[in-house]
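Below, each chain spelled out in residue letters.
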Amino acid sequence: MKRKTRLIHGGIPTDPQTGAVSFPIYQVSTYKQESVGNFKGYEYSRTGNPTRHALEELIKDLEGGYAGFAFGSGMAAMTAVMMMFNSGDHVILTDDVYGGSFRVMTKVLNRMGIDTTFVDTSNLDNIASEIRPNTKAIHLETPTNPLMKITDIAGVAKLAKEHGLLTIVDNTFSTPFWQNPIELGADIVLHSATKYLGGHSDVVAGLAVVNSEKLAEELHFVQNSTGGVLGPQDSWLLIRGIKTLGIRMEEMEGNTNAIVDFLVNHSGVKKVFYPGLEDHPNHSLAKKQARGFGGMISFDVGSGEKADELLSKLKYFTLAESLGAVESLISVPARMTHASIPAERRAELGITEGLVRISVGLEDVEDLIEDLKNALE
Ligand SMILES: *Cc1c(COP(=O)(O)O)cnc(C)c1O
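Residues numbered from 1 in each chain as written. Predicted model: local features only at pLDDT ≥ 70, side-chain atom pairs only at ≥ 80, totals over all residues. Heavy atoms only, no water.

The name given to the chain in an unreviewed UniProt entry is Bifunctional cystathionine gamma-lyase/homocysteine desulfhydrase, with the source organism recorded as Neobacillus notoginsengisoli. Looking at the chain in UniProt, the text filed under Cofactor (unreviewed entry) is "pyridoxal 5'-phosphate". One UniProt comment on the chain, placed under Sequence similarities (unreviewed entry), says "Belongs to the trans-sulfuration enzymes family." (UniProt positions renumbered as here; feature names shortened; annotations may be inferred.)

Structure representation (C-alpha cells):
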C-alpha cells in the first residue's frame, strides 16, 4: 500500500458492525457484558473505545509501529510516555524543544524525580557525553521549533541502542507522511495531532506509537491508569483529517518553497531558517531522513518592533499559536510558544525578539507572497 492510500485504507477503515464507510463515533462510556468478564472487546471507554481504537490503529499503520495510543493533547501523550519512567531516571532532550515539552519536564516531571538534560542533539557528540548510568531515553524533536535544526534519528537510535536507551521522537512537524522515525530505529513516536494530522484548527489531541509489545503493554497501562484519553468525537475528527494529510502536505510543500524563495531574496529579512535551503547546516541530513521539508519557516526581521509592524499589516497570516492547519498562521516564538522558556535561555538558543515563525497554509501562494511583500515594506 502506498502512502496516500494508507491514509485512507489504513487502520480500520470501515465499521465491521455496519459497514459504515465513515467510521462511526461510538459516543459511549460502558459496554454490556453477557456474563461477568464476558464482553466483546470493550468494557469501559477509558480502557478502550472503538472510535479511538480505529484512530490508534491508523496512526500505528502510518508510523509502522506495533501499537498506537490517542490522548487528549500532545502534552498528555508526552507525559504518559514519561510516566513509563521512574523517579531517579534521567532523560536527554533536544535543547530547542517545544516550549510546553520543556515546561512539563522542568516544572512538573522534575517534581516526580525525573531528571533531564537539554543538549543540541543535531550534534551526536553532545548526546554521548551526557549519557549517565541512570539515563533511560533520548527525546528528540526534529525539525526543531522554531530554529528548524535537524537531528540524525538513525544515528541517535544507534547510540541509544548501544547504551540500552529508548529513542523517542516528536514527529509533529514532519508527520508520518514525510518522516518515519520507527523505520529509522526509534522506539516511540509522539505527535501533537492538534497540528498537521488534524489539520483544520478544530481539535486538540496527542498520539503515541510504540515499536514493541512490551512498550505497548507499559504505555497502555499508563494510559488506562492516568486516563488522559481522547474522546470519540475528537478521535473521529482526527481520522477525518488524516485522510487528506497527503494532499495537504504536498500542497503546503509547494507553497512553502515559493515563500522561502521570496523571503531569502527580500532585503527586510535578515535570516531564513528552513531545512530545504541548501545552506541550512543540516540540509543533506534533512533530505536523507525525510521525504519533505515541511511547511514551517522561521525568519528574522531584526527586532521585536519590526515583527509587530509586520504582524499589524498582514491580512492572510493569522496571528495565533499552533501550526499545521489549512489557514496560514504566524507567531512570534519569543513572546508566544516559547515564552515559557526563560529569556536568558532563549537568547542562548538564538530565539530572538525579531524571529517570526510562519505555518504555511493552503491559500493561493500568490496571495500569501503578496501579503508578505506588502507587510515587509
Ligand atoms: C504543539 C506541540 C506539542 C504539544 O501538543 P498539544 O497538542 O498542544 O498539547 C508538542 N510538540 C510539538 C512539536 C508541538 O508543536
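When its secondary structure is counted, the chain shows 14 helices and twelve strands. Taking 21 Å as the expected radius of gyration for a compact globule of 377 residues, we find that the chain reaches 21 Å, a close match to that expectation. Dimensions of the chain along its principal axes, counting C-alpha atoms only, are 75 × 50 × 35 Å. Sorting the 377 residues of the chain into buried and exposed places 55% on the buried side. The contacts of the chain with a sequence gap of at least 6 include a subset with a gap of at least 24, amounting to 71%. Carbon and sulfur atoms make up 51% of the accessible area of the chain, which totals about 15,900 Å². The averaged location of the 47 negative side-chain charges in the chain is 3 Å from the averaged location of its 35 positive side-chain charges. (Helix = DSSP H or I, 4+ residues; strand = E, 2+ residues; numbered from the N terminus. Rg over C-alpha atoms; globule rule 2.2 N^0.38 Å. Buried < 20%, exposed > 50% of the residue type's maximum accessible area, 1.4 Å probe, protein only. Contact = heavy atoms within 4.5 Å. Areas by Shrake-Rupley, 256 points an atom, 1.4 Å probe, with all protein chains shown as cover. Lys, Arg positive; Asp, Glu negative; His and termini not counted. Charge placed at Lys NZ, Arg CZ, Asp CG, Glu CD.)

Moving on to the pattern of salt bridges. One pass over the structure, following the stated rule, counts 14 salt bridges. Residues K313 and E309 are paired through a salt bridge, measuring 3.6 Å at the closest nitrogen-oxygen approach. Within this pair, K313 and its partner E309 are both found in helix α12 (residues 304–313), separated by four residues, close to a single helical turn. Look at the salt bridges and you will find they share partners, linking E57, K60 and D61 into a network. (Salt bridge = Lys/Arg side-chain N within 4 Å of Asp/Glu carboxyl O.)

The next subject is the UniProt feature "modified residue: N6-(pyridoxal phosphate)lysine" (unreviewed entry) in the chain. Feature annotation in UniProt places "modified residue: N6-(pyridoxal phosphate)lysine" (unreviewed entry) on K195, given in this structure's numbering. Relative to the helices and strands, K195 resides in the loop between β6 (188–192) and β7 (206–210). Note on K195: relative accessible area 10%, which makes it buried. If we skip the residues at most four places from it in the chain, K195 touches Y98, T172, S322, L323 and G324.

In this section: the layout of surface pockets. Quantified by volume, the largest pocket comes out at close to 340 Å³. Around the largest pocket, the lining is made up of 15 residues, and of these Q17, Y26, K40, Y42 and P50 lie nearest the centre. Of the residues belonging to the lining of the largest pocket, the class tally is eight nonpolar, three polar and four charged. (1 Å grid on protein atoms, 1.4 Å probe; cavity = no way out; pocket = protein on both sides within 12 Å on 5 of 7 lines; lining within 4 Å. Points joined across faces, edges and corners; volume = space filled by probe spheres on them. Nonpolar A, V, L, I, M, F, W, Y, C, P; charged D, E, K, R; others polar.)

Much of the literature gives interface size as the accessible area that the parts lose upon coming together. If you check the domain split of the chain, you get domain 1 (3–243) and domain 2 (246–376). The interface is formed by 43 residues belonging to domain 1 together with 41 residues belonging to domain 2. Contact between domain 1 and domain 2 buries roughly 3,400 Å² in total, counting both sides, with carbon and sulfur atoms accounting for 59%. Along the contact surface separating domain 1 from domain 2 lie one salt bridge. (Domains from an automatic or database assignment. Buried area = accessible area lost by both parts, 1.4 Å probe.)

This next bit is on the sheet that holds strand β11 (residues 329–331). Whenever strands of a sheet pair, they do so through backbone hydrogen bonds, lying parallel or antiparallel. Within the open sheet, the five strands sit side by side as β8-β9-β12-β11-β10. Their pairing is mixed. Bordering the open sheet on either side are β8 (271–273) and β10 (318–319), each of which pairs with just one other strand. Along the sheet face, helix α10 (residues 245–264) touches β8, β9 (296–300) and β12 (355–359) and points at about 10 degrees away from the line of β9. (Pairing = 2+ DSSP bridges. Axes fitted to C-alpha atoms, helices over the stretch in contact; angles between N-to-C directions.)

Right, let's talk about the site of the ligand for a bit. Around the ligand, the surrounding shell holds 13 residues, and the nearest of these are G74, D170, S192, T194 and K195. Note that an oxygen atom of the ligand is positioned 2.9 Å from one of the backbone N or O atoms of G74. Contact between the ligand and M75: an oxygen atom at 2.9 Å from a main-chain N or O atom of the residue. Bound to the protein, the ligand loses 91% of the 380 Å² it would expose on its own. Partitioned by chemical class, the residues of the shell around the ligand number five nonpolar, five polar and three charged. (Near = heavy atom within 4 Å. Polar contact = N/O pair within 3.5 Å; in protein donor to acceptor, adjacent residues only side chain to side chain.)

Moving on to the pairing of β12. Among the five residues that make up β12, five are buried, leaving the element largely enclosed by the rest of the structure. What you see with β12 is no split at all: L355, R357 and S359 on one side and V356 and I358 on the other are buried throughout. Summarising the sheet, β9 and β12 pair through five bridges and their orientation is antiparallel. The residue of β12 that forms the bridge with F299 is V356. Examined bridge by bridge, β11 and β12 share three bridges and lie antiparallel to one another. The residue of β12 that forms the bridge with L329 is S359.

Within the largest apolar cluster, 36 residues are counted, with the highest numbers of intra-cluster contacts made by L55, Y196, L197, L207, L238, I242 and L245. With five residues, helix α2 (residues 50–63) is the single largest residue contributor to this core. A domain-level breakdown of this core finds at least three residues from each of domain 1 (3–243) and domain 2 (246–376). Sequence-distant contacts of Y196, defined by excluding residues within four places in its chain, comprise T172, F173, T175, L245, R248, M249, M252, G295, M296, L323 and G324. With 31 residues, the next largest nonpolar core counts A77, M78, M105 and L215 among its residues. (Core = buried A, V, L, I, M, F, W, Y, C linked by side-chain atoms within 4.5 Å.)

With 20 residues, α10 extends 28 Å from end C-alpha to end C-alpha; this agrees with the ideal 28 Å at 1.5 Å per step. Among all positions of α10, only L245, G246, R248, M249, M252, E253, N255, T256, I259, V260, F262 and L263 are buried. (Expected span 1.5 Å × (residues − 1).)

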